[in-house]
Amino acid sequence: MNALNSVAFTLFGEHFKWNDTIGNLLGLAALALGWRRSIVSWPVQLLSGVVLVGAYWSAHLSGGVGKQLVVIVTAVWGWAQWQRGRREHGDIRIRFASWTERALLVLGTGVVTVAVALVFQHWNLSWSPWADAYIFTGTLAAMVAQARGWVEFWIAWIAVDLVGVPLAFNSGLPFSGLVYSIYFVLVLAGLRAWWLRSRLPQNSTPSLQGAPA
């Protein structure tokens with residue numbers, strides 16, 4: 001971990017660390033694989049989380065560390081969910097969440113964000129407790145929605161990116177900020193792809209047999 005925490009290169013006066021660089025490249029790959037509904041998205045996301053734990057720890061962002069720990073656990077669960085979906089339906093079913101599911105997702109995100117921010121603030125676990133808590137909880141919400149096959153997964157990522165980009169640059173993690181910016185473009189494309197997929201009748205949804213396993 002010490003080696004990964006060293007500077008990989010310097011560009012425009014910004015120091016890019018190995019763990020920040022490698023972890024975010026893996027995260028970018030996981031998002032692209034999620035766009036294609038490839039089940040490989042989950043193990044790649046898990047590996048990204050493991051590497052990024054060190055990056056956020058060094059930046060004194062407890063929310064970032066916690067987020068990556070949640071990413072690791074949720075990636076295992078999401079992997080199992082998609083494997084079960086493929087066994088039962090031959091593909092990953094994409095749909096919009098119901099209004100009840102959306103309400104629960106938003107309410108849960110709001111409540112947990114406040115609770116986590118207060119913990120960070122009380123114990124001085126982050127220099128930016130509210131933004132840190134928001135990203136932590138928003139990432140969890142996005143991954144839960146992805147595991148469920150909800151189109152809202154992409155909307156949750158947009159909400160995370162809007163705060164994640166400036167926070168990463170201000171925390172000395174410029175590569176994270178750069179990748180968050182790239183995420184935003186991929187997320188918009190992914191949202192469109194899943195949106196169109198959700199409009200297909202269930203019995204005409206193409207199988208994933210030709211997609212990466």
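Residues numbered from 1 in each chain as written. Predicted model: local features only at pLDDT ≥ 70, side-chain atom pairs only at ≥ 80, totals over all residues. Heavy atoms only, no water.

Student: Would you mind going over the pattern of salt bridges with me for this structure?
Tutor: Pairing between side chains of opposite charge can happen when their charged atoms approach one another. Applying the stated criterion across every chain yields a total of 2 salt bridges. For Glu 101, the salt bridge identified is with Arg 95, shortest N-O distance 3.0 Å. Assessed through its relative accessible area of 22%, Glu 101 is described here as partly exposed. (Salt bridge = Lys/Arg side-chain N within 4 Å of Asp/Glu carboxyl O. Buried < 20%, exposed > 50% of the residue type's maximum accessible area, 1.4 Å probe, protein only.)

Student: Can you help me understand the nonpolar core in this one?
Tutor: Burial of nonpolar side chains together is a common tendency in soluble globular proteins. One finds Leu 31 and Phe 153 to be the most contacted residues of the largest nonpolar core, which totals 45 residues. The set of elements that each furnish at least two residues to this core consists of helix H1 (18-35), helix H2 (41-58), helix H3 (62-89), helix H5 (129-148), helix H6 (152-170) and helix H7 (174-198). Setting aside its immediate chain neighbours within four residues, Leu 31 contacts Phe 153, Trp 154, Trp 157, Tyr 183, Leu 186 and Val 187. By size, the runner-up hydrophobic cluster in this structure holds 5 residues, among which are Val 116, Ala 117, Ala 133 and Phe 136. (Core = buried A, V, L, I, M, F, W, Y, C linked by side-chain atoms within 4.5 Å. Helix = DSSP H or I, 4+ residues; strand = E, 2+ residues; numbered from the N terminus. Contact = heavy atoms within 4.5 Å.)

Student: Honestly, the side chain of Asp 20 in this entry has me stumped. Any pointers?
Tutor: Structurally, Asp 20 can be placed in helix H1. No salt bridge is formed by the buried Asp 20, whose closest oppositely charged neighbour, Lys 17, lies at an N-O distance of 8.1 Å. Contacts of Asp 20, omitting those with residues within four sequence positions, involve Leu 52, Ala 55, Leu 173, Pro 174, Phe 175 and Ser 176. (Lys, Arg positive; Asp, Glu negative; His and termini not counted.)

Student: Help me understand unusual backbone geometry, please; the structure alone is not making it clear to me.
Tutor: Glycine aside, a negative phi is what most residues show, and trans is what most peptide bonds show. One non-glycine residue, Arg 37, lies in positive phi territory at about 60 degrees. Along the chain, Arg 37 falls in the loop between H1 and H2.

Student: Please explain the environment of Ile 158 as it appears in this structure.
Tutor: Along the chain, Ile 158 falls in helix H6. It is 10.0 Å that separates the C-alpha atoms of Ile 158 and Leu 186, two residues lying 28 residues apart in sequence.

Student: What exactly am I supposed to notice about the environment of Leu 61 here?
Tutor: With respect to the secondary-structure elements, Leu 61 resides in the loop between H2 and H3. With a relative accessible area of 2%, Leu 61 lands in the buried category. With 66 residues separating them in the primary sequence, Leu 61 and Trp 127 have C-alpha atoms 7.1 Å apart. What Leu 61 contacts, discounting residues up to four positions off in sequence, is Tyr 56, Leu 125, Ser 126, Trp 127, Asp 132, Ser 171 and Leu 173.

Student: Could you clarify how one ought to interpret the packing of H1 against H2 in this entry?
Tutor: Relative placement of two packed helices is described by the angle separating their axes and the distance separating the axes. One way to put it is that H1 packs onto H2 with a least axis distance of 8 Å and a crossing angle of 160 degrees. Considering their axes alone, H1 and H2 lie roughly antiparallel with respect to each other. Handedness of the H1/H2 crossing: left-handed. Of H2, the residues touching H1 (which contributes Asn 19, Asp 20, Ile 22, Gly 23, Asn 24, Leu 26, Gly 27, Ala 29, Ala 30, Leu 33 and Gly 34) are Ser 41, Val 44, Gln 45, Leu 47, Ser 48, Val 51, Leu 52, Gly 54 and Ala 55. Looking at side-chain class alone, the contact of H1 with H2 contains 10 nonpolar, 9 polar and 1 charged residues. (Axes fitted to C-alpha atoms, helices over the stretch in contact; angles between N-to-C directions. Parallel < 35°, antiparallel > 145°, perpendicular 65-115°, else oblique. Left-handed = near helix turned anticlockwise from the far one by under 90°. Nonpolar A, V, L, I, M, F, W, Y, C, P; charged D, E, K, R; others polar.)

Student: Explanation requested: the packing of aromatic side chains in the structure shown.
Tutor: One pair of aromatic rings is described through two measures. These are the centre distance and the angle between the planes. Under the criterion given, the structure shown has 6 aromatic pairs. Measuring from centroid to centroid gives 6.4 Å for Trp 82 and Trp 194, while their planes differ by 35 degrees, and the two rings are tilted. Here Trp 82, found in helix H3, pairs with Trp 194, found in helix H7; they are 112 residues apart in sequence, far enough to count as distant. Pair check on accessibility: Trp 82 and Trp 194 agree, each one buried. Geometrically, the ring pair formed by Phe 153 and Trp 154 is tilted, given 4.4 Å between the ring centres and 50 degrees between the ring planes. In this pair, the class of Phe 153 matches that of Trp 154, namely buried. One aromatic cluster is present, formed by Trp 42, Trp 82, Phe 153, Trp 154 and Trp 194 through successive ring pairs. (Phe/Tyr/Trp six-rings, centres within 6.5 Å; stacked < 30°, edge-to-face > 60°.)

Student: Even after reading the chapter, I still don't get empty space enclosed by the protein, so can you show me in this structure?
Tutor: Rolled over the atoms, a probe with the dimensions of a water molecule shows which regions are left empty. Evaluated as defined, the whole model comprises 2 cavities of 30 Å³ or more. Taken as a whole, the largest cavity holds about 190 Å³ of empty space. Contributing to the lining of the largest cavity are 19 residues, with Gly 27, Gln 45, Thr 139, Trp 157 and Tyr 183 lying nearest its centre. Contributing elements (two or more residues each) for the lining of the largest cavity: H1, H2, H3, H5, H6 and H7. Ranked by residue count, the leading element in the lining of the largest cavity is H2, at 5 residues. Partitioning the lining of the largest cavity into residue classes produces 10 nonpolar, 8 polar and 1 charged. (1 Å grid on protein atoms, 1.4 Å probe; cavity = no way out; pocket = protein on both sides within 12 Å on 5 of 7 lines; lining within 4 Å. Points joined across faces, edges and corners; volume = space filled by probe spheres on them.)

Keep in mind these numbers describe shape, not what the thing actually does.
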